[in-house]
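# Examination of the molecular architecture
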Amino acid sequence: MRLLFTILSILCFSVGIMAQRTVSGTVTSTEGEPLIGVNVLVKGTTTGTVTDFDGKYSVSVPNQATLEFSYTGYTPQEVNVTDQSVIDITLEEGIALGEVVVTALGIEREKSSLTFAQQTVEGTELLEARDINFLNSLSGKAAGVEIKKSSSGPGGSTRVVLRGDKSLNGNSDPLFVIDGIPMANNRSGQPGMWGGFDGGDGMSQINPDDIESITVLRGSNAAALYGSQGANGVVLITTKEGKEGPAKVSVSSGITVENIMLKPDLQFRYGSEGGTKESWSTTRGNYDGSYVDDFFQTGTNQINSISISGGTARTKAYFSFGNVNARGITPQNTYNRYNVTFKQSTKMLNDKLTVGSNIILTNEVSRNRPAAGYYLNPLTGLYFFPRDRDFASFRDNYSVIDPDRNVIGQNWFVIDHHQSNPYWLLNEQPRTDQTNRMIGSVTLDYQITEKLSVSARGNYDFASKLQEQQFTSGGNTTNIHPNGSWDYWKFTDELLYTDALLKFNDNFGDFSLGLIGGASYQKTVFGLGTRVDGDANNGLLYANEFFFQNLPPNVQVQSTLNSRLVKQALFANATIGFKEMLFLDLSGRNDWASTLAGTGNESYFYPSFGATAVLSKMFELPEAVSFAKIRYSNSKVGNEVPYNVVNPQNTIAASGGVNRNTQQPFENLKPEIITSSEFGTNWRFFDDRFGFDLTYYNTVSTDQFINLPAPSGSGYTRYYVNAGKIINKGIELVVDVTPIYTPKLTWTTSFNFWTNDNEVVEMHPDLASITTGQSEGYGSRFEAGGSIGDIYVYKFQRDAQNRIILDENDGRPLKTAMQELAGNLNPDWSLGWNNNFKFGKFGLNFIVNGKFGGVAFSQTESMLDGAGVSERTAADRDAGGTTIDAVQGDQPVSTIDPELYYRAIGDRNGIGEPYVYDRTNVRLTQFSLSYRTSLFNNTTPVTLSLVGQNLFFLYLEAPFDPELAMSTNRNAASLDNFNTPATRTIGFNINVNF
């Protein structure tokens, strides 16, 4: 830290002696009218001003500065400042047509020519909340993007879904691309209702400070050039690069504190009776409940980054170093990440050849990520603990010596598979998740002529990962061997990608033509490594010695391979324009996938086309209309099947024998097909002060990959078919408004609205439904006529008057014979409201997110009720009974014994209906208050920010956060089973630019 401070001090001093002077002038339109509120910015800094009511400005600039002039509805300009003291500028209308965006394969195109929906989020927007995983910062900033954040704390994974789930086999993740090249984003493990841990994901390892922008291509129409990888949409990440000019240094440092926003409402008035593990006493007491709050701690996130960039007309470079040190809200949970990035480009051969390279290095270590589910989760014992017992004695003495074996064991009041001593789990079952990753790429781009260029790119993404947990002997006997158990998995993920592109652009009179042709090769090998799985029956030879040599013969050291795929492709795209008002987009791609080898269907072709008409160019529209266009696109994309399905192989058992394959080879397998059509329109009004982008889409997924029981006598237990049909259709609306735009105050606001209707139209005749997760309290499955995310629970038996039917003998509520549909776990519609204010040197940003409709389910609340530790069970005991509208035999019942009622509906497998909640929630997702100033004669811009994330709910019905996922796979959306409580973060950030 002393060395860093010395370097920064020298940089500050050397920059501070640079000369400063004032430049002033007037900004007008081509008609000579003064323009009010034009942004005038010193390029590469946050120093600037806006023009006054006469179009005049005055700004202090250093030597060799560049001024940027930008105004909504007008083409921006840049002017190099030499010895002028007065610079007058004339801006031309037409910013809407000239805006350039990044599309598939990293190709830049004019936004007005696009035939599909896309939305860009600037990198500065991602940094306002300072989330460790930048994907969480996308929430509410782009339409059609559903974000599910893991409850596993710092470094946890995030699930992103664009336009709904499209596949029966569960893979609806979009493709993530860095600078035009695909990258790996594997989630290596997820918890379930019975327990487990989040293994993290690839995107959490990226440094947000390196991101220039993110472009979301929501539909396969926009992503067709990526082939089957882009079938679920694409998230394009453009990283920062060096720019021509003197070296610039940017330093950012921030710290946020994290505390609990929402946790279960527990009671501490009634204890246990007769030493039971439940708290169902009817004698009121006053027990200490501070141990629950004391268990949790204030989390901290320290995020630091420094970057250096600059270059000449021929060579540009960018270097950055980032560091994250985080402490979770549960004891012993820490997360550390280090990032190094170096990116450069050099022009050669008379500037015809550009050679670029980029390397990203990441070291990530997470210790003791919080668990979810029943087993080996500290929260079960913490919440269940009988209120009349002394928790401190078990906290301070969580282990005891076993004199017979001379080893320690867990000190807990009961032997129960659902709970353990929380402090034993924290201290005697340590878990480590570690990743060392390298992403390296090289790009060669040669300009053959002014109109023709060729490029070649190569990328290697390699990650070495370790996931290890050591279970000390004497733990919970349901899960842990008497000598201790060992979970160990060391493996690598590898992605090799290369492509070659030929690009041609020319104009022929009123026509423009853009052609792209190319080929790509990609090889992925995921999960290649060595693994040991421990449990109650597979433990260590000698207690607590965690080595391979200490594994008994029945514990197998496994070689693992999750998937291996080679994919080759040829693709082409043509964009034809007429007078910059009509555009036709045609593309085609042919993939060859190794997972389909031997089927005769390993080669598959899919086309796409689109058309755009710029109405504001074609017709004379009212003066209030600045820009208008309509667009339509249609695409067909294949989606290859998982690894090792066509011809599965035998495996070796721990005993040395052979486990024979019982899955029938799938030799006529075809790829899944996703057909998508999209219609949209984009309108801008009042010199770009108001606008909207409306999209309607319809996506049909067919030839799904389905697993079925094999017919008796076939010699196999399972076989596969191509069948099923899923439809996703919806509306996306983006509205942006600039209500106030003056020299002293600017307010911009935007709304992102989207809705998706998912329907499983048909299945296979031999398959009634597909289960996507189930436990004792609920079942999640879908069937023909239903939707992905449908949840089923046991409901109350009711009579014709809708009264709950009670058992005629013991009076307990009766439940239905089968689980019944209770709703869908996905929201009906979503809305994000983003606001930005600039007043003088101050800036204010806040985002309100809302999810409306859908349901959420809590097994936590069910279990707490069954154990008598929830506040509602105590309140009913205080009231002398639970109010109920029921009938027993033919006698109406209005009050029932609380213990009888809650033991019947709660616990492990009770009546789930009371624990299904409306998922609707509205929250203040993000808040940032910033102040811009400068040091050393205005040469060193400084931005100070007060930041907050997930600050509070404006509306919430569920007793937990429905957007905090127990698991980030498809099977556990909006489910709660002893998840880590929802948190808020508040902190401070400083950014200095030299």
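The name given to the protein chain in an unreviewed UniProt entry is TonB-dependent receptor, and the organism recorded there is Flavilitoribacter nigricans. The record in UniProt for the protein chain states the following under Sequence similarities (unreviewed entry): "Belongs to the TonB-dependent receptor family." UniProt, in the comment section headed Subcellular location (unreviewed entry), describes the protein chain in these words: "Cell outer membrane".

A few words now on the overall build of the protein chain. The number of helices and strands found in the protein chain is 12 helices and 54 strands. Expected size for 994 residues packed as a compact globule is a radius of gyration near 30 Å; at 31 Å, the protein chain falls within 12% of this value. The 994 residues of the protein chain split such that 56% are buried. For the protein chain, long-range pairs separated by at least 24 residues make up 69% of all intrachain contacts whose partners lie at least 6 apart in sequence. For the protein chain, the exposed surface amounts to about 40500 Å²; the carbon and sulfur share of it is 54%. The protein chain carries 78 positive and 103 negative side-chain charges, and their two centres are separated by 4 Å.

What follows covers the domain arrangement of the protein chain. Per the domain assignment, the segments of the protein chain are domain 1 (19-93) and domain 2 (118-789 + 825-867 + 907-993). Using C-alpha coordinates to define each centre, domain 1 is positioned 42 Å away from domain 2.

The next subject is the side chain of Gln267. One can find Gln267 in the loop between strand S17 (245-262) and helix H5 (290-295). On the basis of relative accessibility, which here comes to 0%, the residue Gln267 falls in the buried class. A distance of 2.9 Å separates a polar side-chain atom of Gln267 from the backbone nitrogen of Tyr270. When residues no more than four places from it in sequence are discounted, the contact partners of Gln267 are Ser279, Arg387, Gly868, Val869, Ser870, Glu871, Thr873, Ala874 and Arg877.

Let's shift gears to the packing of aromatic side chains. Tallying each qualifying case throughout the model produces 41 aromatic pairs. Ring centres of Phe394 and Trp412 lie 5.5 Å apart, and the angle between their planes is 70°; this geometry places the pair in the edge-to-face category. One end of the pair, Phe394, is in helix H7 (residues 391-396); the other, Trp412, is in the loop between strand S23 (407-410) and helix H8 (422-428), with 18 residues separating them in the sequence. Each member of the pair, Phe394 together with Trp412, is buried.

Attention shifts here to the pairing of strand S13 (residues 175-178). By the alternation rule, side chains of S13 split into Leu175 and Val177 and Phe176 and Ile178, which are all buried. The pairing of S13 with strand S16 (residues 234-239) spans four bridges and is parallel. The residue bridging Ile178 from the neighbouring strand is Ile237, located in S16. Sheet topology places S13 next to strand S14 (residues 181-183); three bridges connect them, and they run antiparallel. Pairing of Val177 across the sheet is with Pro182, part of S14. Hairpin connection of S13 to S14: two residues between the antiparallel strands, including Asp179 at a positive phi of 50°.

Right, let's talk about a negative patch on the surface for a bit. There is a patch of like negative charges on the surface, built from Glu108, Glu122, Glu212 and Glu241. Position of Glu212 among the secondary structure elements: in strand S15 (residues 211-217). A residue is classified by how much of its surface remains accessible, and Glu212, at 33% relative accessible area, is partly exposed.

Another point: the sheet that holds strand S42 (residues 804-806). With respect to topology, three strands assemble into an open sheet ordered S42-S47-S48, the strand pairing being mixed. The strands lining the two open edges of the sheet, one partner per strand, are S42 and strand S48 (891-896). Geometrically, the sheet is characterised by an average inter-axis angle of 45° between neighbouring strands, direction not taken into account. Note that S42 and strand S47 (residues 882-888) share three bridges and pair parallel. Note that in S47 the partner of Ile805 across the bridge is Val887. Of the strands in this sheet, S47 and S48 are in contact with helix H12 (residues 898-905), which crosses S47 at around 75°.

A few words now on the environment of Leu353. Tracing the sequence through the fold places Leu353 in strand S21 (residues 353-367). Relative accessible area serves as the criterion here: at 17%, Leu353 is assigned to the buried category. Ignoring sequence-local partners within four residues, the contact set of Leu353 consists of Thr346, Lys347, Met348, Asp445 and Tyr446.

In this section: the confidence of the model for the protein chain. Taken residue by residue, the protein chain gives an average pLDDT of 88. The fraction at 70 or more is 95%. Below pLDDT 50 for its whole length, residues 1-19 participates in 18 contacts with residues either more than four positions away or in separate chains.

We now examine the nonpolar core. Among the nonpolar cores identified, the biggest contains 31 residues, and Val292, Phe296, Leu382, Tyr383 and Phe978 are the most heavily contacted of them. Those elements giving two or more residues to this core turn out to be H5, helix H6 (378-384), H7, H8 and helix H10 (859-867). Once residues within four sequence positions are removed from consideration, Tyr383 is found in contact with Pro264, Leu266, Val292, Phe296, Leu864, Val869, Phe978 and Pro981.

Glancing now at the sheet that holds strand S10 (residues 118-122). A sheet is described by the order of its strands in space; here five strands give the open sequence S10-S15-S16-S13-S14, paired in mixed fashion. At either margin of the open sheet sits one strand with a lone partner, and together these are S10 and S14. When the angles between neighbouring strand axes are averaged without regard to direction, this sheet yields 25°.

Another aspect to go through is unusual backbone geometry. Phi is positive for Gln332, which is not a glycine, with a value near 75°. As for its position among the elements, Gln332 is in the loop between strand S19 (315-327) and strand S20 (334-348). In this structure Gln332 comes out as partly exposed when scored by relative accessible area, which is 41%. With phi around 55°, Asn368 is a residue other than glycine that occupies positive phi space. As for its placement among the helices and strands, Asn368 is situated in the loop between S21 and H6. Since its relative accessible area comes to 16%, Asn368 is described here as buried.

Below, the discussion takes up the pattern of salt bridges. Under the defined criterion, the tally for this structure stands at 37 salt bridges. Lys277 serves as the salt-bridge partner of Asp416, at 2.9 Å between the closest nitrogen and oxygen. Taken together, the positions of Asp416 in the loop between S23 and H8 and Lys277 in the loop between S17 and H5 put the pair 139 residues apart, joining distant regions of the chain. Put simply, Asp445 and Lys503 hold a salt bridge, and the shortest N to O gap is 3.8 Å. Taken together, the residues span a long stretch of sequence, with Asp445 in strand S24 (residues 431-447) and Lys503 in strand S26 (residues 485-508) at a distance of 58 residues. Overall, the relative accessible area of 22% leaves Lys503 in the partly exposed class. By sharing partners, the salt bridges in this structure join Arg163, Arg218, Arg631, Glu678, Asp693 and Glu732 into a single network.

The set of residues buried in helix H11 (residues 871-879) consists of Thr873, Ala874, Asp876 and Arg877. In a view along the axis of H11, the buried residues occupy a sector of 160°, so they form one face of it. Those residues of H11 hidden inside the fold are in contact with H10, S47 and H12. Where H11 ends, the next residue or the one after it, Gly880, has phi of about 85°, a positive value.

Rules of the game
Residues numbered from 1 in each chain as written. Predicted model: local features only at pLDDT ≥ 70, side-chain atom pairs only at ≥ 80, totals over all residues. Heavy atoms only, no water. UniProt positions renumbered as here; feature names shortened; annotations may be inferred. Helix = DSSP H or I, 4+ residues; strand = E, 2+ residues; numbered from the N terminus. Rg over C-alpha atoms; globule rule 2.2 N^0.38 Å. Buried < 20%, exposed > 50% of the residue type's maximum accessible area, 1.4 Å probe, protein only. Contact = heavy atoms within 4.5 Å. Areas by Shrake-Rupley, 256 points an atom, 1.4 Å probe, with all protein chains shown as cover. Lys, Arg positive; Asp, Glu negative; His and termini not counted. Charge placed at Lys NZ, Arg CZ, Asp CG, Glu CD. Domains from an automatic or database assignment. Polar contact = N/O pair within 3.5 Å; in protein donor to acceptor, adjacent residues only side chain to side chain. Phe/Tyr/Trp six-rings, centres within 6.5 Å; stacked < 30°, edge-to-face > 60°. Pairing = 2+ DSSP bridges. Patch = residues over 30% accessible without salt bridge, like charges linked within 9 Å, V, L, I, M, F, W, Y side chains within 5 Å. Salt bridge = Lys/Arg side-chain N within 4 Å of Asp/Glu carboxyl O. Axes fitted to C-alpha atoms, helices over the stretch in contact; angles between N-to-C directions. pLDDT = per-residue confidence, 0-100. Core = buried A, V, L, I, M, F, W, Y, C linked by side-chain atoms within 4.5 Å. Arc of directions from axis to C-beta.

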